[in-house]
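# Understanding the architecture of this molecule
Take a look at the letters that make up each chain.
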2 protein chains.
Amino acid sequence: MQFLYKNNSGTSKLSISSAIEKLTPYIEICKGTAQNKDYTKNEASLCLVSDEEMQKQVNALIEKKKINNLKYIITVGIGGSNLGTKAIYDAIYGQVDHLQPERYPKILFLDTTNPEFIFHFAQFFEALSLREDEVIVNIISKSGTNTEPAVNGEIVIEILKKKFNDWKKTCVVTTDKNSPLWNSAVELGIDVLEIPKNVGGRYSVFSAVGLFPLALCGVDIKNLLSSASKMRDLCLQKNEHNNALISAAILYEQLTNKGVVINDNFYFNSELESLGKWYRQLMGESTGKNGIGLTPTISIGSADLHSVVQLYLGGPKNKYTSFVYSSKDREYKLPSTNTLACIKEIEGKSVGDVMDAIRNGTTTAYKKLNLPYTETIFEGISAGEIGAYMQFKMMEIMYLSQLMRVNAFDQPQVELYKIETKKILAKK
Amino acid sequence: MQFLYKNNSGTSKLSISSAIEKLTPYIEICKGTAQNKDYTKNEASLCLVSDEEMQKQVNALIEKKKINNLKYIITVGIGGSNLGTKAIYDAIYGQVDHLQPERYPKILFLDTTNPEFIFHFAQFFEALSLREDEVIVNIISKSGTNTEPAVNGEIVIEILKKKFNDWKKTCVVTTDKNSPLWNSAVELGIDVLEIPKNVGGRYSVFSAVGLFPLALCGVDIKNLLSSASKMRDLCLQKNEHNNALISAAILYEQLTNKGVVINDNFYFNSELESLGKWYRQLMGESTGKNGIGLTPTISIGSADLHSVVQLYLGGPKNKYTSFVYSSKDREYKLPSTNTLACIKEIEGKSVGDVMDAIRNGTTTAYKKLNLPYTETIFEGISAGEIGAYMQFKMMEIMYLSQLMRVNAFDQPQVELYKIETKKILAKK
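The shown structure was predicted, so the numbers you read here are calculated from the model rather than taken from an experiment. (Residues numbered from 1 in each chain as written. Chains lettered and ligands numbered in written order. Predicted model: local features only at pLDDT ≥ 70, side-chain atom pairs only at ≥ 80, totals over all residues.)

By a widespread convention, an interface's size corresponds to the accessible area lost as its parts come together. Residue and element names in this part refer to chain A. Domains assigned within chain A are domain 1 (2-31 + 225-404) and domain 2 (40-219). Here domain 1 and domain 2 have C-alpha centroids that lie 29 Å from each other. If you look at the interface, domain 1 gives 24 residues, while domain 2 gives 22 residues. Elements that contribute at least two residues to the side of domain 1 that touches domain 2 include exactly α1 (13-35), α8 (221-234), α10 (273-287) and α13 (383-404). In the side of domain 1 that touches domain 2, the residues fall into 14 nonpolar, six polar and four charged. (Domains from an automatic or database assignment. Contact = placed C-beta atoms within 7 Å. Helix = DSSP H or I, 4+ residues; strand = E, 2+ residues; numbered from the N terminus. Nonpolar A, V, L, I, M, F, W, Y, C, P; charged D, E, K, R; others polar.)

So, on to the pairing of strand β9 (residues 319-326) of chain B. Residue and element names in this part refer to chain B. In terms of burial, β9 is a largely internal element, eight of the eight residues being buried. Residues Lys 319, Thr 321, Phe 323 and Tyr 325 line one face of β9 and the alternating positions Tyr 320, Ser 322, Val 324 and Ser 326 line the opposite face, and both faces are buried. Bridge count between β9 and strand β10 (residues 373-378): six bridges; the pairing is parallel. Across the sheet, residue Ser 326 finds its bridge partner in β10, namely Phe 378. Note that the unit made of β9, helix α12 (residues 351-368) and β10 has a crossover that is right-handed. (Buried ≥ 20, exposed ≤ 12 C-beta atoms within 10 Å, placed from the backbone. Pairing = 2+ DSSP bridges. Right-handed = clockwise from strand over helix to strand, strands pointing away.)

Mapped onto the elements of the fold, Gly293(A) is located in the loop between α10 and β8 (295-300). C-beta crowding within 10 Å serves as the criterion here: with 27 such atoms nearby, Gly293(A) is assigned to the buried category. For Gly293(A) and Leu108(A), which are 185 residues apart along the polypeptide, the C-alpha to C-alpha distance reads 33 Å. Ignoring any residue separated from it by four or fewer positions in sequence, one finds Gly293(A) in contact with Thr287(A), Gly288(A), Leu311(B), Gly315(B) and Pro316(B).

The next point concerns the interface of chain A and chain B. Taken together, the contacts link 109 residues of chain A with 109 residues of chain B. Elements with a contribution of two residues or more to the side of chain A that touches chain B: α4 (115-127), α5 (147-163), α6 (180-188), α10, β8, α11 (309-314), α12 (351-368) and α14 (414-427) of chain A. With twelve residues, α12(A) is the largest single contributor of residues to the side of chain A that touches chain B. In terms of residue class, the side of chain A that touches chain B is made up of 50 nonpolar, 41 polar and 18 charged.

A separate point is helix α9 (residues 243-257) of chain B. Residues and elements named next belong to chain B. With 15 residues, α9 should reach 21 Å at 1.5 Å per residue; the first-to-last C-alpha distance of 21 Å fits that figure. Among the 15 residues in α9, 13 count as buried, and that is most of the element. Positive backbone phi, approximately 75 degrees, marks Gly 259, located one or two places after α9. (Expected span 1.5 Å × (residues − 1).)

Quick look at the relation of the copies chain A and chain B now. If you rotate chain A by 180 degrees and push it 0.0 Å along the axis, it lands on chain B with an RMSD of 0.0 Å. Such values leave the two copies arranged in the relation of a two-fold axis. A shared binding surface is used by both copies, with 100% of the interface residues of chain A retained as interface residues in chain B. (Least-squares fit on C-alpha atoms with pLDDT ≥ 70 in both.)

Now the structure itself:
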């Protein structure tokens, strides 16, 4: 993974180095947390990529579950219990799942409680002719008290009960130790995986939350973690190799001094859209408090060039753009003589070359209009590259929150709608 | 469809009625365009819902194609040639397509030119054992000179040639009359459908662009159009029944006097996410010019309550929210005794009731924090309700653009990246 910022970030060297200086004491705290595997700190998620004990527990449960015949993993979870896993799954498998009907195992995600979706899910799942060793249901809820996974969890269990005598064997619950969900599961004899107490949902992808379902469906977890671990160490340095630090410094300068209110994350590999949704929660929920915060948006190249790019180029200059793309694409050639032949220039070209031209055309236009941006470049779309990106971004947000003087780890206003919802639900 | 704005729009009656007065002459122009079927005007899209001649042409081609055995419709198109069709398809079928593997016909969408996606699409499509009457490829490009549909179109045709002797029978091209694509298709003997010259991509869903593929896959086109037609007539009135007018007045007031820069479209039916993407182009490309414009965002309830709602409730007050949801959901009941039983309140409830409570909890929190919003309520998710919404929104954006004094129908800055891309492509 490369992070390019020198030419078009719209941010002076001075403001970057001043931010680095400001963050020096905080980097020490982060470094100490990671080195001492100190799970008592808010930054506990930094311990995950090198937590062999936790990884052993996940592996042991995978071993126990005997997954050689697995066809479906049903994950029940919302927000931080869903978005990280979905980001990685969609990038590697999900985007083309409907084009590979015979590829297994597949993950089916249950997040919100949409009655129409649940109806069709139930019809499908009930009708599936499956053996016990062909399905695992993973119910994931940090607090164990969120409404949506409770609803979806009960519905899935009802179907499991109809299908299998020994339905509990097909279930795994991932939650905080001793949460109501943990206690229920243990009492019923369902296997449990623990989320460390100080690892919040949006920082939990490298815990059992993400590792268990992703390992089940064949994602290269070893590569994911080792690559994230290298990135973590890089982003604990106090120099220009620390991408997280620099990115945070740029975003902070743009927010506080350049009138930027939106951070557009522009992915030129469409399979990364769910990765954008993961980052959207990370940035939105971590920095959006005390009346400040950048609003994260997701754009997809090249589709959104034909949608919102008119606004980006011609509208108000209130956006900072983070381009993300892979420099290594699969080779797919266009025929050397075209049939409809409306655009001569594409004949015989590779599709990747055409996309490169479109992307370079886009960044050139941004440059000409002085719209500030950075580029993050993946060497191919792999578990390793995605792992590195996620670790980079989680640390960027911790550093950005420090600069903004907001707590990167809480979400106090979310309680507001939850209280109202509970009042309404109690009356019904 | 209902549009509620009276209680929480954050906009005074006075500013609404002043906007209505300002727009009176423009409404007359729109009315004249619709009544006279005047396709020479910028507002030509207003003629579509009552254009029986155009609808006859679409129907005649459907008749000719003999579609009783159809399994796949492959649409090749991007931006305005794709988003409207996908919005309606996803709302009615797409969200649960993977849960209904036996339901046909299915639409496969080819928009951007992602080499990885194209590789898998080609593998899938080549391996499919299909007869000629089981597939239709619809290549849609207004100008006929866009790169992405040209690339994807050539690739699909290469595969068709390998599969069928009479491959041209399976193709339909939708484009401007006498565009390069039109001329190529006619020369090859491929059936063509016309997009009226002054109907731009983002306003074209009720032309052959949307009607042909949607009718092929079984969407109730008659209902879509009649419902949109009723909405059009309502939105040509000069009174408080004109939702488009009122919504435009509110958005204008928020943009110019209340510091709002983002219009968040918050859909509480997750199957409407693609409808949000359609609207995102409509608003972004129509109003984002001359250095002004609202940035449209899409949020999905309840998933995004666990993602960006902390930012919406606790971050900067720079957003205007348009809630959209259906008041009629499918009945699906939770068991009366739960197994994990972590939340007592959900036992025996219907899933729709739980969602209602979550949504009401959310709007109550917005109200308490004085965050301005409107509500658009569908009576169920149907072609008719979606058609009404799309017509409402297209007219809202025309009226809003008038108030902002921007041209709702051009996209001048998009040329900037296209020019750069063509330079790069020519050199390769």
